[in-house]
Amino acid sequence: MSSNPLEQFVIKPIVPLQLAGYDVSFTQSALFMVVAIVAATALMTLSVRPKAMVPGRWQNVSEMFYEFISGMVSDNLGHEGKKYFPFVFSIFMIVLMGNLIGLIPYAFTFTSHIIVTFALAATVFVLATLVGIFRHGLHFFSLFLPAGLPWYLMPLIVVIELVSYMSRPVSLSVRLFANMMAGHTMLKVFAGFSVMLGVYLGVLPMLLNVALLGLETMIAFIQAYVFAVLTCVYLKDAIELH
Amino acid sequence: MTQTPEDLGQKIKAARERAGEIPGPVSDTPPADNQGSAMGQGMRVATDLAAALAVSGFLGYMADKWLGTKPWIMLAMIIVGFAAGILNAYRAQMGKDFQVGFKKPDNDKNDNGNEGNK
(Lines give C-alpha, C1' and ligand atoms only; values in the text may rest on other atoms or scores of the structure.)
Protein backbone atom coordinates (compact mmCIF):
# COMPACT_ATOMS: atom_id res chain seq x y z
CA MET A 1 0.00 0.00 0.00
CA SER A 2 1.52 3.29 -1.06
CA SER A 3 2.17 5.93 1.54
CA ASN A 4 2.29 8.75 -0.97
CA PRO A 5 -0.45 11.10 0.27
CA LEU A 6 -1.32 12.33 -3.20
CA GLU A 7 -1.67 8.93 -4.76
CA GLN A 8 -5.26 8.63 -3.56
CA PHE A 9 -6.37 11.22 -6.12
CA VAL A 10 -5.22 9.25 -9.14
CA ILE A 11 -8.08 8.35 -11.45
CA LYS A 12 -8.26 4.65 -12.24
CA PRO A 13 -10.60 3.36 -14.93
CA ILE A 14 -12.91 0.55 -13.91
CA VAL A 15 -14.51 -0.12 -17.29
CA PRO A 16 -12.26 1.13 -20.08
CA LEU A 17 -14.25 2.64 -22.92
CA GLN A 18 -13.23 4.51 -26.02
CA LEU A 19 -15.43 6.83 -28.05
CA ALA A 20 -14.06 8.32 -31.24
CA GLY A 21 -10.54 8.29 -29.90
CA TYR A 22 -11.48 9.82 -26.56
CA ASP A 23 -11.08 7.95 -23.34
CA VAL A 24 -14.52 7.82 -21.78
CA SER A 25 -13.81 5.04 -19.33
CA PHE A 26 -16.04 4.54 -16.38
CA THR A 27 -13.62 5.55 -13.64
CA GLN A 28 -13.88 5.32 -9.88
CA SER A 29 -14.72 9.02 -9.90
CA ALA A 30 -17.71 8.33 -12.15
CA LEU A 31 -18.66 5.39 -9.96
CA PHE A 32 -18.80 7.55 -6.87
CA MET A 33 -20.71 10.24 -8.71
CA VAL A 34 -23.34 7.60 -9.46
CA VAL A 35 -23.24 6.47 -5.82
CA ALA A 36 -23.70 10.05 -4.62
CA ILE A 37 -26.65 10.66 -6.92
CA VAL A 38 -28.28 7.37 -5.97
CA ALA A 39 -27.76 8.17 -2.29
CA ALA A 40 -29.24 11.65 -2.64
CA THR A 41 -32.21 10.37 -4.64
CA ALA A 42 -32.80 7.51 -2.22
CA LEU A 43 -32.61 9.87 0.73
CA MET A 44 -35.14 12.25 -0.71
CA THR A 45 -37.59 9.74 -2.20
CA LEU A 46 -37.51 6.65 -0.03
CA SER A 47 -37.44 8.50 3.26
CA VAL A 48 -40.72 10.30 2.62
CA ARG A 49 -42.56 7.09 1.70
CA PRO A 50 -44.38 6.93 5.06
CA LYS A 51 -45.62 10.52 4.52
CA ALA A 52 -46.11 10.81 8.25
CA MET A 53 -47.32 14.05 9.78
CA VAL A 54 -44.89 13.53 12.62
CA PRO A 55 -41.80 12.57 10.70
CA GLY A 56 -39.63 9.65 11.60
CA ARG A 57 -35.86 9.99 11.53
CA TRP A 58 -35.18 9.66 7.82
CA GLN A 59 -38.16 11.74 6.84
CA ASN A 60 -36.98 14.37 9.30
CA VAL A 61 -33.58 14.49 7.62
CA SER A 62 -35.19 14.79 4.22
CA GLU A 63 -37.46 17.58 5.39
CA MET A 64 -34.57 19.37 7.09
CA PHE A 65 -32.58 19.49 3.87
CA TYR A 66 -35.60 20.65 1.91
CA GLU A 67 -36.52 23.41 4.33
CA PHE A 68 -32.95 24.54 4.73
CA ILE A 69 -32.40 25.04 1.02
CA SER A 70 -35.92 26.37 0.51
CA GLY A 71 -35.34 29.00 3.20
CA MET A 72 -31.99 29.91 1.71
CA VAL A 73 -33.43 30.28 -1.80
CA SER A 74 -36.33 32.41 -0.64
CA ASP A 75 -34.08 34.54 1.57
CA ASN A 76 -31.71 35.30 -1.26
CA LEU A 77 -33.90 35.24 -4.33
CA GLY A 78 -37.27 36.20 -2.94
CA HIS A 79 -40.55 34.71 -3.87
CA GLU A 80 -39.93 34.46 -7.58
CA GLY A 81 -36.67 32.67 -6.99
CA LYS A 82 -38.55 29.52 -6.22
CA LYS A 83 -38.14 28.38 -9.79
CA TYR A 84 -34.41 28.03 -9.15
CA PHE A 85 -34.93 25.84 -6.13
CA PRO A 86 -34.54 22.49 -7.96
CA PHE A 87 -31.21 23.60 -9.41
CA VAL A 88 -29.82 24.92 -6.13
CA PHE A 89 -31.04 21.85 -4.29
CA SER A 90 -29.46 19.50 -6.81
CA ILE A 91 -26.15 21.33 -6.60
CA PHE A 92 -26.23 21.25 -2.82
CA MET A 93 -27.05 17.54 -2.61
CA ILE A 94 -24.47 16.52 -5.19
CA VAL A 95 -21.72 18.47 -3.46
CA LEU A 96 -22.79 17.33 0.00
CA MET A 97 -23.09 13.67 -0.91
CA GLY A 98 -19.83 13.79 -2.82
CA ASN A 99 -18.03 15.30 0.13
CA LEU A 100 -19.57 12.99 2.71
CA ILE A 101 -19.27 9.72 0.81
CA GLY A 102 -15.60 10.47 0.24
CA LEU A 103 -15.04 10.30 3.98
CA ILE A 104 -15.85 6.59 4.05
CA PRO A 105 -12.61 4.59 4.02
CA TYR A 106 -11.66 3.30 0.57
CA ALA A 107 -14.15 5.65 -1.06
CA PHE A 108 -13.21 8.32 -3.55
CA THR A 109 -14.06 12.01 -3.19
CA PHE A 110 -14.99 13.16 -6.64
CA THR A 111 -15.22 16.77 -5.47
CA SER A 112 -11.49 16.75 -4.79
CA HIS A 113 -10.77 17.15 -8.48
CA ILE A 114 -10.67 20.68 -9.88
CA ILE A 115 -12.25 19.58 -13.14
CA VAL A 116 -15.35 18.30 -11.36
CA THR A 117 -15.76 21.37 -9.16
CA PHE A 118 -15.01 23.63 -12.08
CA ALA A 119 -17.69 21.89 -14.14
CA LEU A 120 -20.20 22.53 -11.36
CA ALA A 121 -19.11 26.15 -10.91
CA ALA A 122 -19.11 26.76 -14.65
CA THR A 123 -22.66 25.41 -14.83
CA VAL A 124 -23.72 27.88 -12.15
CA PHE A 125 -21.88 30.75 -13.83
CA VAL A 126 -23.25 30.08 -17.30
CA LEU A 127 -26.76 29.64 -15.92
CA ALA A 128 -26.61 32.89 -13.95
CA THR A 129 -25.22 34.81 -16.91
CA LEU A 130 -27.78 33.40 -19.34
CA VAL A 131 -30.60 34.09 -16.89
CA GLY A 132 -29.38 37.66 -16.58
CA ILE A 133 -29.06 38.15 -20.32
CA PHE A 134 -32.41 36.63 -21.15
CA ARG A 135 -34.09 38.62 -18.45
CA HIS A 136 -32.56 42.02 -18.98
CA GLY A 137 -31.27 41.86 -22.51
CA LEU A 138 -28.22 43.96 -23.11
CA HIS A 139 -29.03 46.00 -20.01
CA PHE A 140 -27.44 43.09 -18.17
CA PHE A 141 -24.05 44.55 -18.99
CA SER A 142 -24.86 47.62 -16.93
CA LEU A 143 -23.85 45.32 -14.10
CA PHE A 144 -20.26 46.19 -14.94
CA LEU A 145 -20.81 49.89 -15.45
CA PRO A 146 -21.43 51.53 -12.11
CA ALA A 147 -23.15 54.87 -11.95
CA GLY A 148 -21.60 58.10 -10.86
CA LEU A 149 -18.05 57.57 -12.08
CA PRO A 150 -15.87 60.15 -13.82
CA TRP A 151 -15.47 59.27 -17.49
CA TYR A 152 -11.72 58.73 -17.38
CA LEU A 153 -12.06 55.98 -14.76
CA MET A 154 -14.80 54.08 -16.52
CA PRO A 155 -12.76 51.82 -18.84
CA LEU A 156 -10.47 50.71 -16.04
CA ILE A 157 -13.36 50.08 -13.66
CA VAL A 158 -15.27 48.12 -16.29
CA VAL A 159 -12.26 45.88 -16.89
CA ILE A 160 -11.78 45.36 -13.17
CA GLU A 161 -15.46 44.54 -12.69
CA LEU A 162 -15.37 42.12 -15.61
CA VAL A 163 -12.38 40.29 -14.19
CA SER A 164 -14.03 40.23 -10.78
CA TYR A 165 -17.18 38.76 -12.29
CA MET A 166 -15.31 36.10 -14.22
CA SER A 167 -13.12 35.12 -11.32
CA ARG A 168 -16.17 34.11 -9.29
CA PRO A 169 -16.64 30.63 -10.79
CA VAL A 170 -12.91 30.02 -10.49
CA SER A 171 -12.88 30.96 -6.83
CA LEU A 172 -16.06 28.96 -6.24
CA SER A 173 -14.52 25.82 -7.69
CA VAL A 174 -11.07 26.29 -6.18
CA ARG A 175 -12.55 26.76 -2.72
CA LEU A 176 -14.32 23.40 -2.78
CA PHE A 177 -11.47 21.58 -4.49
CA ALA A 178 -8.80 22.96 -2.15
CA ASN A 179 -10.76 22.16 0.98
CA MET A 180 -11.46 18.59 -0.09
CA MET A 181 -7.99 17.87 -1.40
CA ALA A 182 -6.27 19.40 1.62
CA GLY A 183 -8.49 17.52 4.01
CA HIS A 184 -7.95 14.14 2.45
CA THR A 185 -4.23 14.72 2.03
CA MET A 186 -3.96 15.57 5.72
CA LEU A 187 -5.85 12.42 6.66
CA LYS A 188 -3.49 10.32 4.57
CA VAL A 189 -0.39 12.05 5.94
CA PHE A 190 -1.37 11.44 9.55
CA ALA A 191 -2.32 7.89 8.78
CA GLY A 192 1.13 7.47 7.29
CA PHE A 193 2.61 8.73 10.56
CA SER A 194 0.63 6.08 12.39
CA VAL A 195 2.11 3.39 10.22
CA MET A 196 5.61 4.73 10.67
CA LEU A 197 5.47 5.12 14.44
CA GLY A 198 4.39 1.54 15.12
CA VAL A 199 1.75 0.12 17.37
CA TYR A 200 2.15 2.11 20.58
CA LEU A 201 3.20 5.60 19.55
CA GLY A 202 1.07 5.29 16.44
CA VAL A 203 -2.07 5.72 18.50
CA LEU A 204 -1.39 9.44 18.79
CA PRO A 205 -1.66 10.29 15.09
CA MET A 206 -4.65 7.98 14.96
CA LEU A 207 -6.42 10.01 17.63
CA LEU A 208 -5.58 13.12 15.68
CA ASN A 209 -7.10 11.49 12.62
CA VAL A 210 -10.28 10.80 14.54
CA ALA A 211 -10.56 14.50 15.37
CA LEU A 212 -9.62 15.37 11.80
CA LEU A 213 -12.40 13.16 10.43
CA GLY A 214 -14.86 15.08 12.58
CA LEU A 215 -13.49 18.35 11.24
CA GLU A 216 -13.69 17.02 7.70
CA THR A 217 -17.32 16.09 8.16
CA MET A 218 -18.06 19.60 9.32
CA ILE A 219 -16.09 21.03 6.41
CA ALA A 220 -18.06 18.79 4.03
CA PHE A 221 -21.30 20.35 5.21
CA ILE A 222 -19.92 23.88 5.31
CA GLN A 223 -18.43 23.70 1.84
CA ALA A 224 -21.66 22.34 0.39
CA TYR A 225 -23.54 25.14 2.14
CA VAL A 226 -21.13 27.81 0.89
CA PHE A 227 -21.37 26.46 -2.65
CA ALA A 228 -25.16 26.57 -2.54
CA VAL A 229 -25.26 30.02 -0.92
CA LEU A 230 -22.94 31.50 -3.51
CA THR A 231 -25.04 29.90 -6.26
CA CYS A 232 -28.03 31.77 -4.85
CA VAL A 233 -26.04 35.00 -4.59
CA TYR A 234 -24.85 34.80 -8.21
CA LEU A 235 -28.38 34.10 -9.39
CA LYS A 236 -29.62 37.03 -7.37
CA ASP A 237 -26.97 39.30 -8.88
CA ALA A 238 -28.08 38.27 -12.34
CA ILE A 239 -31.78 38.67 -11.60
CA GLU A 240 -31.64 41.92 -9.74
CA LEU A 241 -28.50 43.45 -11.26
CA HIS A 242 -26.93 44.61 -8.03
CA MET B 1 -55.33 25.97 23.61
CA THR B 2 -57.94 28.28 22.22
CA GLN B 3 -57.23 30.40 19.23
CA THR B 4 -59.14 33.56 18.61
CA PRO B 5 -60.05 34.46 15.05
CA GLU B 6 -57.45 37.25 15.33
CA ASP B 7 -54.70 34.74 16.03
CA LEU B 8 -55.79 32.70 13.06
CA GLY B 9 -55.90 35.85 10.95
CA GLN B 10 -52.32 36.66 11.99
CA LYS B 11 -51.18 33.19 11.08
CA ILE B 12 -52.86 33.34 7.71
CA LYS B 13 -51.32 36.74 7.05
CA ALA B 14 -47.89 35.48 8.05
CA ALA B 15 -48.24 32.44 5.83
CA ARG B 16 -49.35 34.56 2.90
CA GLU B 17 -46.42 36.90 3.41
CA ARG B 18 -44.07 33.97 3.39
CA ALA B 19 -45.65 32.72 0.17
CA GLY B 20 -45.11 36.16 -1.31
CA GLU B 21 -48.71 37.03 -2.01
CA ILE B 22 -48.51 40.13 0.11
CA PRO B 23 -45.23 41.98 -0.18
CA GLY B 24 -43.77 42.00 3.28
CA PRO B 25 -40.59 43.70 4.45
CA VAL B 26 -37.73 42.25 2.46
CA SER B 27 -35.07 40.81 4.66
CA ASP B 28 -31.75 42.08 3.43
CA THR B 29 -29.65 40.10 5.80
CA PRO B 30 -26.69 38.97 3.77
CA PRO B 31 -26.03 35.25 3.65
CA ALA B 32 -23.77 34.37 6.49
CA ASP B 33 -20.60 33.95 4.54
CA ASN B 34 -18.59 35.69 7.23
CA GLN B 35 -19.06 32.97 9.75
CA GLY B 36 -16.72 30.10 10.23
CA SER B 37 -13.26 29.76 11.55
CA ALA B 38 -10.56 32.29 10.86
CA MET B 39 -8.74 29.79 8.71
CA GLY B 40 -11.85 29.35 6.60
CA GLN B 41 -12.13 33.08 6.08
CA GLY B 42 -8.46 33.31 5.31
CA MET B 43 -8.78 30.58 2.71
CA ARG B 44 -11.72 32.40 1.18
CA VAL B 45 -9.73 35.62 0.79
CA ALA B 46 -6.73 33.72 -0.53
CA THR B 47 -8.73 31.80 -3.12
CA ASP B 48 -10.45 35.02 -4.21
CA LEU B 49 -7.13 36.73 -4.78
CA ALA B 50 -5.57 33.72 -6.49
CA ALA B 51 -8.60 33.11 -8.70
CA ALA B 52 -8.72 36.74 -9.86
CA LEU B 53 -5.00 36.66 -10.64
CA ALA B 54 -5.38 33.40 -12.55
CA VAL B 55 -8.35 34.61 -14.57
CA SER B 56 -6.78 37.94 -15.43
CA GLY B 57 -3.44 36.36 -16.27
CA PHE B 58 -5.16 33.87 -18.53
CA LEU B 59 -7.18 36.60 -20.24
CA GLY B 60 -4.07 38.69 -20.70
CA TYR B 61 -2.17 35.72 -22.09
CA MET B 62 -4.92 34.98 -24.59
CA ALA B 63 -5.05 38.63 -25.62
CA ASP B 64 -1.29 38.59 -26.07
CA LYS B 65 -1.45 35.52 -28.25
CA TRP B 66 -4.15 37.09 -30.35
CA LEU B 67 -2.51 40.48 -30.71
CA GLY B 68 1.10 39.33 -30.49
CA THR B 69 2.13 41.91 -27.90
CA LYS B 70 3.74 39.62 -25.37
CA PRO B 71 3.97 40.18 -22.49
CA TRP B 72 2.61 43.65 -21.92
CA ILE B 73 -1.11 42.96 -21.98
CA MET B 74 -0.61 40.04 -19.65
CA LEU B 75 1.34 42.20 -17.21
CA ALA B 76 -1.30 44.91 -17.30
CA MET B 77 -4.04 42.33 -16.82
CA ILE B 78 -2.22 40.82 -13.85
CA ILE B 79 -2.23 44.22 -12.18
CA VAL B 80 -5.93 44.54 -12.99
CA GLY B 81 -6.48 41.04 -11.64
CA PHE B 82 -4.77 41.95 -8.41
CA ALA B 83 -7.14 44.91 -8.05
CA ALA B 84 -10.14 42.75 -8.91
CA GLY B 85 -9.07 40.11 -6.40
CA ILE B 86 -8.71 42.66 -3.64
CA LEU B 87 -12.11 44.08 -4.63
CA ASN B 88 -13.73 40.65 -4.42
CA ALA B 89 -12.12 39.83 -1.09
CA TYR B 90 -13.08 43.23 0.32
CA ARG B 91 -16.68 42.85 -0.77
CA ALA B 92 -16.87 39.35 0.65
CA GLN B 93 -15.51 40.53 3.97
CA MET B 94 -17.79 43.55 4.13
CA GLY B 95 -20.71 41.20 3.71
CA LYS B 96 -21.66 42.71 0.37
CA ASP B 97 -22.00 39.18 -0.91
CA PHE B 98 -19.71 39.45 -3.91
CA GLN B 99 -21.95 42.09 -5.40
CA VAL B 100 -20.83 43.22 -8.76
CA GLY B 101 -21.33 46.86 -9.51
CA PHE B 102 -21.65 49.85 -7.27
CA LYS B 103 -25.38 50.18 -7.49
CA LYS B 104 -27.19 50.12 -4.24
CA PRO B 105 -30.32 48.02 -4.24
CA ASP B 106 -33.02 49.87 -6.15
CA ASN B 107 -35.66 49.10 -3.62
CA ASP B 108 -35.73 47.79 -0.15
CA LYS B 109 -39.47 47.45 -0.01
CA ASN B 110 -41.07 46.08 -3.11
CA ASP B 111 -44.35 47.87 -2.73
CA ASN B 112 -44.17 50.73 -5.25
CA GLY B 113 -43.32 49.07 -8.54
CA ASN B 114 -39.94 50.73 -8.77
CA GLU B 115 -38.14 47.51 -9.49
CA GLY B 116 -37.42 48.29 -13.10
CA ASN B 117 -36.26 44.76 -13.66
CA LYS B 118 -39.41 43.21 -14.99
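Definitions and limits used
Residues numbered from 1 in each chain as written. Chains lettered and ligands numbered in written order. Predicted model: local features only at pLDDT ≥ 70, side-chain atom pairs only at ≥ 80, totals over all residues. Heavy atoms only, no water. Helix = DSSP H or I, 4+ residues; strand = E, 2+ residues; numbered from the N terminus. Buried < 20%, exposed > 50% of the residue type's maximum accessible area, 1.4 Å probe, protein only. Contact = heavy atoms within 4.5 Å. Areas by Shrake-Rupley, 256 points an atom, 1.4 Å probe, with all protein chains shown as cover. Lys, Arg positive; Asp, Glu negative; His and termini not counted. Charge placed at Lys NZ, Arg CZ, Asp CG, Glu CD. Expected span 1.5 Å × (residues − 1). pLDDT = per-residue confidence, 0-100. Axes fitted to C-alpha atoms, helices over the stretch in contact; angles between N-to-C directions. Parallel < 35°, antiparallel > 145°, perpendicular 65-115°, else oblique. Left-handed = near helix turned anticlockwise from the far one by under 90°. Core = buried A, V, L, I, M, F, W, Y, C linked by side-chain atoms within 4.5 Å. Salt bridge = Lys/Arg side-chain N within 4 Å of Asp/Glu carboxyl O.

Overview of the overall build of chain A
A count of helical and extended segments in chain A gives six helices and four strands. For chain A, the N- to C-terminal ordering of α and β elements is β-β-β-β-α-α-α-α-α-α. Dimensions of chain A along its principal axes, counting C-alpha atoms only, are 70 × 55 × 45 Å. The buried share of chain A, taken over its 242 residues, is 43%. By sequence separation, contacts in chain A at least 24 residues apart represent 67% of the contacts at least 6 residues apart. Total accessible area computed for chain A in this model is approximately 12700 Å², and 76% of it derives from carbon and sulfur atoms. Within chain A, the 10 negative side-chain charges are centred at a point lying 6 Å from the centre of the 11 positive side-chain charges.

Some thoughts on helix H4 (residues 114–136) of chain A
Residue and element names in this part refer to chain A. Over its 23 residues, H4 extends 32 Å from the first C-alpha to the last, a length consistent with the 33 Å expected when each residue adds 1.5 Å. In this fold, the buried residues of H4 make contact with helix H1 (28–46), helix H3 (85–101), helix H5 (154–201) and helix H6 (203–240). Looking at the residues trailing H4, positive phi occurs at Gly 137, about 65°.

Thoughts on the confidence of the model for chain B
Residue and element names in this part refer to chain B. Predicted confidence across chain B gives a mean pLDDT of 71, with 59% of residues reaching 70 or more. By mean pLDDT, the top-scoring element of chain B is helix H3 (residues 72–93) (89), and the lowest-scoring one is helix H1 (residues 5–19) (76). Here residues 22–34 is a poorly scored stretch, pLDDT under 50, and it has 26 contacts once near neighbours within four places are set aside; other chains count. As scored by the predictor, the complex reaches a pTM of 0.80 and an ipTM of 0.77.

Concerning the packing of H4 of chain A against H6 of chain A
All names here are of chain A. Here H4 crosses H6 at 20°, and the two axes come no closer than 8 Å. For the element pair H4 / H6, the angle class is roughly parallel. The way H4 lies across H6 gives a crossing that is right-handed. Contact residues: H4 offers Thr 117, Leu 120, Ala 121, Val 124, Leu 127, Ala 128, Val 131, Gly 132, Arg 135 and His 136, while H6 offers Phe 227, Thr 231, Tyr 234, Leu 235, Ala 238, Ile 239 and Glu 240.

Some remarks on the nonpolar core
Ile 69, Met 72, Val 88, Phe 92, Met 93 and Phe 227 of chain A are the most contacted members of the largest nonpolar core, which totals 51 residues. Elements with a minimum of two residues in this core: H1, helix H2 (57–77), H3, H4, H5 and H6 of chain A. Sorting elements by how many residues they give to this core places H6 of chain A first, with 14 residues. Within the second largest apolar cluster, six residues are counted, among which are Ile 160 and Val 163 of chain A together with Ala 52 and Val 80 of chain B.

Remarks on the pattern of salt bridges
Should their charged atoms come close, side chains of opposite charge can pair. Counting across every chain of the model gives four salt bridges over all chains. Close ionic contact of Arg 91 of chain B with Glu 161 of chain A constitutes a salt bridge, the shortest N to O distance being 3.1 Å. Residue Arg 91 of chain B is found in helix H3, and its partner Glu 161 of chain A is found in helix H5; the two belong to separate chains. You can call Arg 91 of chain B buried: its relative accessible area is 5%. Since its relative accessible area comes to 1%, Glu 161 of chain A is described here as buried. For Asp 48 of chain B, the salt bridge is made with Arg 175 of chain A, and the minimal N-O distance between the two is 4.0 Å. Taken together, the residues span two chains, with Asp 48 of chain B in helix H2 (residues 38–67) and Arg 175 of chain A in helix H5. Judged by its relative accessible area of 1%, Asp 48 of chain B is buried.

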